[in-house]
Every structure is written in structure tokens, then in C-alpha cells.
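# Descriptive analysis of the structure
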Amino acid sequence: MLNKTAIYKEVIKNFDMQRTSDKADLNKRRKTVYKAVPRIEEIDNEINLTGIKIAKQIMSSPDESGKFVIELKNELNSLKTEKNNLLKANNFPKDYLEMRYRCEKCKDTGFIGNKECSCFTQMLVDKAYSNSNIREIAKKENFDNFNINLYSPVIKEKEGISPRENIQRILAVCVDFTKNFGCKKENLLFYGKPGLGKTFLCSSIAKELLDKGVTVLYLTAPEMFRQLEDEKFSRKDEYEKSGFLDDMMSVDLLIIDDLGTEFPTAFTNSELFDILNTRMISKKPVIVSTNLEISDIQGHYSDRVTSRIIGVYRFLKFIGDDIRVEKRFSSK
């Protein structure tokens, strides 16, 4: 893994490249319009000269500058109106000659004032941890593609509810979590047998929040503990370290998938408690996904860890048969 300084430089370079791409794209669209409607190029040139006209007038006749500025503003509005009418008449969108940014908040600079934009922070996370970059996965695994019909409508006697009705309730909780993120301080625990959609819904939540500019770190438990071990016991000095633990504590949402699949040690118990406890104190949400039952969690982890989970997490149990099998057969 690159150290944090190297990653930071790479992200800065990416934003520079993005702005260059933004400008090139605008110039390409501008040439297309100018070729189709030459008058629009004339209008843009006249608009660009307005500032020069104002400066000259203020210098030559400062007493009448106010009146002249008003006249030029009226002229400017008239030119913009004509330009918009020409774009519409020639089937170009109204904003066709405006810069298009991936992030409207920072205009693809990565910063709002002197503060890092959330898109910049998320790119740092994505660059540092390959497992956190779930944007490609989320193109398929998102709320729009979640199929509740893969779950049986037959009531399970032990649960008193059908898998389909159960997943509808869980889905509603997940959607509410994304809609009210930042307002409601809630942690979620997905548990149940493998293949019931836990990871799919983790990805769906991440996708919704990433689209809103929320920073998300998504890791499997084995990967998380491996990174922590590397960071804790590395001989590198602080300047060279990746800053993994800091990132885990600072992102808006931490998702730990497949908890319980890591090799349990005193180290993993201690680190898991510190993570859950620190984020609880700082009121930063965590979503945990596990194939373990609640009783297994209590046997798998220390009392301190289980008390944190039982005390502050909303339990969502996934029931039914493996939907991956259902999906495989239904797609044939």
C-alpha cells in the first residue's frame, strides 16, 4: 500500500486531470455549437468584452460609470436571452455550453475554500483501500436492482413471518437509514445465513450515500484486521504509514462485511472493541454484516465487544433460503 503522502499527491493529480478533462469537453461542445450556429460565437465574444468596456468607462468617465454599468447589464441580459433562444431553436440543451462537473460542490477542485470536499476525501479512501472502492459493484448491487421476489412468501413457523415480508421490512430500514443519514445516529447489524442479501444491501446503502457525498469505507473483516495488523506492527515511521486507523475512525460510514470470518485472536478482539467504541463515542455510524447468530457472536468475541454490539446496534435478521441459488436458476 502507498503511504498517505503518496496517495494524497496522486489524488491531487487526478483532480488536476479531471479539471483538464472538464475544460476539453466544454471546448469540444463549444466548437460543435459555433459551427452549427456562428451567431452564438459572436454573442460569446461580445459577452467576454463587457468587462473590458466597463473598466474603460470607469477610467474615462468615473462620474457616469453607474449609468453605463446599468446599460451594459441590460445589454448583457439581452445577449444571454438571444443565446438561450438560439440554443433552444437548434435543439441544444440550455446548459450545453456550461461546465459540467462531477462534483458541483467543489467544481472538481477537491476543495471548498481551504477544506477538503467529501469527494476528495472519498477518493483518498478509494485509492488507499481497493476493497473500499465499491462504485463498480454498486452499479449492479443497489436498491433499484434488489429483487424481493427471490424471497419466499411462505411464512416460517419459527420466525412467524415469511422471508419476503421480512426482507421488505429490512429494505425499508435500509432506505430510511440512507434518507436520514446524519440526522439519526443509528448502527445496523445484518445477521443470518450466507446468501440472503446482506452484502447486497451493504453495497446498496454505500451507493446511495456515496451519491450524496458521504464518505464510506467498506471492508471485509479479514481485510480490515490484516490492514490493522500491518499498521500496528509496521516498522515504518509515522510519515510513511498509511493512516488506515485514522481513516477508519474519520469516514462518515464504516461498513464491516463478513465479521466472524477472520481468525479470532486477542488482537482482533481488542481492535474491534476500540473501533466500535471510538466510533460510538464520536457518533459515527457502523454497519456490520455477519453470518453468525447472536449466540455465536457472544461466544466468538469478548464481553466488551458483545456489550457494544448488543447495546447500540439495531439487529436485522435475514431469513430464508440462499437467494443466490434462486437467482442462478431464475436467470436460466
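Structure first, text after, so check above.
Structure report, in brief.

### Details of the packing of aromatic side chains
Per the counting criterion, the structure on display carries eight aromatic pairs. Judged by centre distance (6.0 Å) and plane angle (40°), the rings of F146 and Y151 are tilted. The class of Y151 is buried, set by a relative accessible area of 2%. An aromatic cluster of three or more residues is present, and its members are F15, F111 and F120. The side chain of R29 reaches across the aromatic face of Y96, ending 5.8 Å from its centre. Its end group placed over the ring of F273, R304 keeps NZ or CZ at 3.8 Å from the ring centre.

### Quick word on the pattern of salt bridges
Across all of its chains, the model carries 15 salt bridges by this definition. Among the ionic pairs, R39 bridges to E46, the shortest N-O distance being 3.1 Å. Classification of R39 by relative accessible area gives partly exposed; the value is 27%. Three or more residues joined by partner-sharing salt bridges are found here, namely R39, E42, E46 and E82.

### Some remarks on the packing of helix α10 (residues 266-281) against helix α12 (residues 303-312)
Relative orientation and spacing of two packed helices are given, respectively, by the angle between their axes and the distance between those axes. At a minimum axis separation of 9 Å, α10 and α12 run at an interaxial angle of 35°. In terms of crossing hand, the pair formed by α10 and α12 is left-handed. Only R304, V305, R308, I309 and V312 of α12 make contact with α10, whose side of the interface consists of N269, L272, F273, L276, N277 and M280. Taken together, the residues of the contact of α10 with α12 break down into seven nonpolar, two polar and two charged.

### Comments concerning the nonpolar core
Membership of the largest hydrophobic core comes to 30 residues, with the highest contact counts inside it found for F190, L201, I205, L253 and I287. Apart from the residues lying within four places of it in its own chain, the contact partners of F190 are C174, K198, L201, C202, I205, I287, V288, S289, T290, L316 and F318. By size, the runner-up hydrophobic cluster in this structure holds 29 residues, among which are I256, L292, I297 and Y301.

Criteria and thresholds
- Counting starts from 1 at the beginning of each chain's written sequence and moves along it residue by residue.
- Only residues with pLDDT of 70 or above have their local features reported here, since the model is predicted, and side-chain atom pairs are shown and tallied only from 80 upward, although totals for entire chains, interfaces and linings are computed over all residues.
- For the side-chain quantities, the full set of heavy atoms in the structure was used; hydrogens and water were omitted.
- The criterion for an aromatic pair is that two Phe, Tyr or Trp rings (for Trp, the six-membered ring) have centres within 6.5 Å, with stacked assigned to planes under 30 degrees apart, edge-to-face to planes over 60 apart and tilted to the rest.
- Here's how the labels work: a residue is buried when its accessible area is under 20% of the maximum for its type, exposed when over 50%, partly exposed in between, all with a 1.4 Å probe on protein chains only.
- In this analysis the charged atom, NZ for Lys or CZ for Arg, is taken to sit over a ring once it is within 6 Å of the ring centre and within 35 degrees of the ring normal.
- Take a side-chain nitrogen of Lys or Arg and a carboxyl oxygen of Asp or Glu: if they are within 4 Å of each other, that pair is a salt bridge.
- To get an axis, fit a line to the C-alpha atoms, keeping to the stretch in contact for a helix; angles then go from 0 to 180 degrees between the N-to-C directions.
- Each helix is a run of DSSP H or I of at least 4 residues and each strand a run of E of at least 2, with the numbering of both proceeding from the N terminus.
- Handedness of a crossing follows from how the near helix is turned relative to the far one, being left-handed for an anticlockwise turn of less than a right angle and right-handed for a clockwise one.
- Should any heavy atoms of two residues lie within 4.5 Å, those residues are counted as being in contact.
- Asp, Glu, Lys and Arg are counted as charged, while Ala, Val, Leu, Ile, Met, Phe, Trp, Tyr, Cys and Pro are counted as nonpolar; the rest, among them Gly, fall into the polar class.
- Among buried residues, the Ala, Val, Leu, Ile, Met, Phe, Trp, Tyr and Cys ones that are joined through side-chain atoms within 4.5 Å form a nonpolar core.

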